[in-house]
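# Geometric and topological summary
Residues per chain, in single letters:
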Amino acid sequence: MNHIKSFFILALALVINTSFAQEKNIKKEHKKHKKEMHQKKDEMMQKKEELKAQKEELKETKHKLKEEYKAEKRAILSEHKEVMKDMTPEQRKEYMDKHPELKEKMKALNTNMKEHKEKLKTKHVSYKNKKADAAQHSIENKKERLAYFEQRSKNTESRIADAKDRIAKQKEAGEITEEEYAKKLDRISEIEKRNEAHQAKMISKKALLEQKEKQLKQLEN
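Definitions and cut-offs
Residues numbered from 1 in each chain as written. Predicted model: local features only at pLDDT ≥ 70, side-chain atom pairs only at ≥ 80, totals over all residues. Heavy atoms only, no water. Helix = DSSP H or I, 4+ residues; strand = E, 2+ residues; numbered from the N terminus. Buried < 20%, exposed > 50% of the residue type's maximum accessible area, 1.4 Å probe, protein only. Contact = heavy atoms within 4.5 Å. Areas by Shrake-Rupley, 256 points an atom, 1.4 Å probe, with all protein chains shown as cover. Phe/Tyr/Trp six-rings, centres within 6.5 Å; stacked < 30°, edge-to-face > 60°. Lys NZ or Arg CZ within 6 Å of the ring centre and 35° of its normal. Salt bridge = Lys/Arg side-chain N within 4 Å of Asp/Glu carboxyl O. pLDDT = per-residue confidence, 0-100. Expected span 1.5 Å × (residues − 1).

Okay, the overall build of the chain next. Helices and strands together make up the secondary structure of the chain, namely 6 helices and 0 strands. The N-to-C order of helical and strand elements in the chain reads α-α-α-α-α-α. Per-residue burial over the chain gives 24% buried out of 221 residues. Look at the contacts in the chain between residues 6 or more apart in sequence, and 77% of them connect residues 24 or more apart. For the chain, the exposed area adds up to about 16,500 Å²; of that, 51% sits on carbon and sulfur atoms.

Set out below in structure tokens:
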């Protein structure tokens, strides 16, 4: 969701005759929220970079383990490889039984490989959990941001209604001309359209958040 531009805040303040103190508080609140959101965004970017590095490390370790296993297996089988090439599983077992030293070496290699795979599996589970946590934090941050802008949009609706009522009373009391009333109403209508467009974006963002929550559940399963 894009930040509402500063112009929107200032224009709103002018249109609805917000006092200087109110305008200052609005700007201060927006600045504070924007700073907090940027900080959280930076933290999420850092987590994503860490997860990316961890994923690459796991991928590299898996590839290295596979290549090491192949190399060690070739070295152990050595001259036996050509003889065993076309054997069935049953024939291979019989051949191994006749060569206990070879059988013992292959057993040790496979046991060692199994231990490495278990360690790799543990690391993968840790990575998956961290990825799920990062996704959860991202969703929570987006929800918080969405709630903030939804509240601002509601406040804007209230101020727009007050502004319309105010200028209508001003016109009725003869404090402003018909032309001035029309200009003020046009400016209010412009902000009203902006707010409606913003609300449409929030509906779209809500749908996207629901989709991300479904993806997170799949990741956790």
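Counted according to the given criterion, the structure contains 1 aromatic pair. Taking the centre distance of 5.2 Å and the plane angle of 75° together, the rings of Tyr-148 and Phe-149 count as edge-to-face. Accessibility assignment for this pair places Tyr-148 and Phe-149 in one class, buried. Just above the ring of Tyr-181 sits the side chain of Lys-171; from NZ or CZ to the centre is 4.3 Å.

Glancing now at the environment of Ala-168. Relative to the helices and strands, Ala-168 is located in helix α5 (residues 100-172). Between the alpha carbons of Ala-168 and Leu-185 there is a distance of 9.2 Å; along the sequence they are 17 residues apart.

Of note, the phi angle at Ser-78 is positive, near 45°, even though the residue is not glycine. With respect to the element layout, Ser-78 can be found in the loop between α2 (20-77) and α3 (80-84).

Now for the pattern of salt bridges. Proximity of charged atoms lets side chains of opposite charge pair with each other. Applying the stated criterion across every chain yields a total of 12 salt bridges. Notably, a salt bridge pairs Glu-150 with Lys-206, separated by 2.9 Å at the nearest N-O pair. With Glu-150 in helix α5 and Lys-206 in helix α6 (residues 178-220), this pair connects stretches of sequence that are 56 residues apart. What emerges from the salt-bridge pattern is a single network uniting Lys-93, Asp-97 and Lys-103.

Our next topic: the side chain of His-80. The topology assignment puts His-80 in helix α3. Judged by relative accessible area, which is 12%, His-80 ranks as buried. His-80 has contacts with Tyr-95, His-99 and Leu-102, leaving out every residue within four places of it along the chain.

The next subject is the confidence of the model for the chain. Across the chain, pLDDT averages 86, with 87% of residues at or above 70. When pLDDT is averaged over each element of the chain, helix α4 (residues 89-98) comes out on top at 93 and helix α1 (residues 6-15) at the bottom at 46. Counting interchain partners and residues more than four positions distant, the pLDDT-below-50 stretch residues 1-12 has 33 contacts.

Turning our eyes to something else, we now look at α5. Helix length check: α5 (73 residues) gives 107 Å between terminal C-alpha atoms against 108 Å at 1.5 Å per residue, within 8%. Gly-174 sits one or two residues past α5 and shows a positive phi near 80°.

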